[in-house]
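Inside the fold
The residues making up each chain are set out below.
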Amino acid sequence: MINLSINVDKAATLRQSRGGSEPDPVHAAAVALVAGVDGITAHLRGDRRHIQDRDVELIRKIVIHKEFNFEMAATEEMIDIALKTKPEQCTLVPEREGELTTENGVNVIKEKARLPKVVETLKDAGMRVSIFSMLNEDQIRAAKDVGADRVELFTEPYGQAFGTENEDKEFEKLAKCAELADKLELGLNAGHDLDFRNMRRMKTIPNLLEVSIGHSVFSRAVFIGLENAVKELLQVIKS
Ligand code: PXP
């Protein structure tokens, strides 16, 4: 069964747009948990543009018997916060100043000298480490080499191609990377641009353990409410 982790960054983005306290991403996390999700994801960016340190502390407190997936750049600052927060899973992501959202996986090959120590530090403190991965077989092999437990495949190309003539081609790329991860005994997560429509095909990837979904569920929530939007997604994923 695939686990669903709801990414609450979008609630924080809306809050920060007015500089006040609403909507609170911690409330969003609570609603998602009550609706039955398996975990909560939050990305504390270096520039604090959406999720704030206080959100991370409070999400940690309310995610009980479920998983907190902490998305982080592999910086000293974020490693310290992860060590204090102790999420069940740290997902290493790249950050580029000015990007609208995470644009691709980590270039693990380029950072191969530095990442083993980062991964080891987090794993020694009891956290599972996943690396947001480019759809590239050498990058996935490099993720294994630096000691990651899992890779999170970047599903934006598939999500954006869904329903177009490019869908099959993009899905095949994902499926091949998924097979390689399985062969390397890397756990498999996926995320970016997934929704209750394109998840139907994602479910056919046999070794997929977890998806993290943010934008589409908060977009649906504007019209049908967050609890309903989460339940709609759960129904597709768990049926
Ligand atoms: N996974 C990672 C690593 C991400 O950076 C994001 C976006 O914050 C997501 C998953 C969720 O993507 P989306 O908001 O498109 O569902």
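First, a word on what this report is: a plain description of the structure on this page. Treat the numbers as computed from the prediction; the structure is a model and nothing was measured. Numbers given to residues run from 1 along each chain, matching the order in which its sequence is written. Reporting of local features is limited, given that this is a predicted model, to residues whose pLDDT is at least 70; pairs of side-chain atoms are given and counted only at 80 or more, and all residues count toward the totals for whole chains, interfaces and linings. In computing side-chain properties, one takes all heavy atoms of the structure into account and sets aside hydrogens as well as water.

The sheet built from eight strands closes into a barrel, its strands ordered S1-S2-S3-S4-S5-S6-S7-S8 with parallel pairing. Taken over all neighbouring pairs, the strand axes of this sheet differ in orientation by 25 degrees on average, direction set aside. Whether two strands pair comes down to DSSP finding at least two bridges between them. Secondary structure is summarised from DSSP: a helix means a run of H or I of at least four residues, a strand means a run of E of at least two, and numbering begins at the N terminus for each. When strand S5 (residues 128-133) meets strand S6 (residues 150-154), the two strands line up parallel, connected through four bridges. What sits directly across from phenylalanine 132, in S6, is glutamate 152. Pairs of residues are marked as contacts when any of their non-hydrogen atoms sit within 4.5 Å. Working convention: axes come from line fits to C-alpha atoms, limited for helices to the stretch in contact. Angles between N-to-C directions cover 0 to 180 degrees. Helix-sheet contacts for helix H3 (residues 53-62) involve strand S2 (39-43) and strand S3 (67-72), and the interaxial angle to S3 is about 160 degrees.

Turning our attention to the packing of aromatic side chains. Planes of paired rings set the category: under 30 degrees apart is stacked, over 60 is edge-to-face and the rest tilted, where pairs are Phe, Tyr or Trp rings (Trp by its six-membered ring) whose centres lie within 6.5 Å. Inspection of every chain in the model, using the stated rule, returns four aromatic pairs. Ring geometry for phenylalanine 132 versus phenylalanine 154: centroids 5.4 Å apart, planes at 90 degrees, classification edge-to-face. Pair noted here: phenylalanine 132 is in strand S5 and phenylalanine 154 is in strand S6, with a separation of 22 residues, a long-range link. Neither phenylalanine 132 nor phenylalanine 154 differs from the other in exposure class; each is buried. One aromatic cluster is present, built from ring pairs that chain together Tyr158, Phe162 and Phe171. Exposure categories follow from relative accessible area, calculated using a 1.4 Å probe and restricted to protein chains: below 20% of the type maximum is buried, above 50% is exposed, and the middle band is partly exposed.

Listed in full, the buried residues belonging to helix H4 (residues 76-85) are Met78, Ile79, Ile81, Ala82 and Thr85. Down the axis of H4, the sector holding all buried residues measures 165 degrees, keeping them to one side. Exposed side chains of H4 directed beyond 90 degrees from the buried face belong to Glu76 and Lys84. Where H4 is buried, its residues meet H3, S3, strand S4 (89-92) and helix H5 (115-124). Looking one or two places after H4, you find lysine 86, whose phi comes out positive at around 55 degrees. Arc definition: it is the arc formed by the directions from the helix axis to the C-beta atoms.

Their axes nearest at 10 Å, the elements helix H6 (residues 137-145) and helix H8 (residues 167-183) cross at an angle of 25 degrees. One finds that H6 runs roughly parallel with respect to H8. In the crossing of H6 with H8, the sense of the turn from one axis to the other is right-handed. Each of Glu137, Ile140 and Arg141 in H6 lies in contact with H8, whose residues at this interface are Lys176, Cys177, Leu180 and Ala181. Should an angle fall under 35 degrees it is taken as roughly parallel, and over 145 as roughly antiparallel, whereas 65 to 115 is taken as roughly perpendicular and any remaining angle as oblique. Each crossing gets its hand from how the near helix is turned against the far one by less than a right angle, where anticlockwise is left-handed and clockwise is right-handed.

Among the five residues in S6, five count as buried, and that is most of the element. In S6, alternate side chains face the same way, and those of Arg150, Glu152 and Phe154 on one face and Val151 and Leu153 on the other are all buried. Every crossover in which the path from the first strand over the helix to the second runs clockwise, viewed with the strands pointing away from the viewer, is termed right-handed. One crossover worth recording links S5 to the parallel S6 by way of H6, and it is right-handed. Of the pairings in the sheet, the one linking S6 to strand S7 (residues 187-191) comprises five bridges and is parallel in character. By the bridge assignment for S7, glutamate 152 is matched with asparagine 189.

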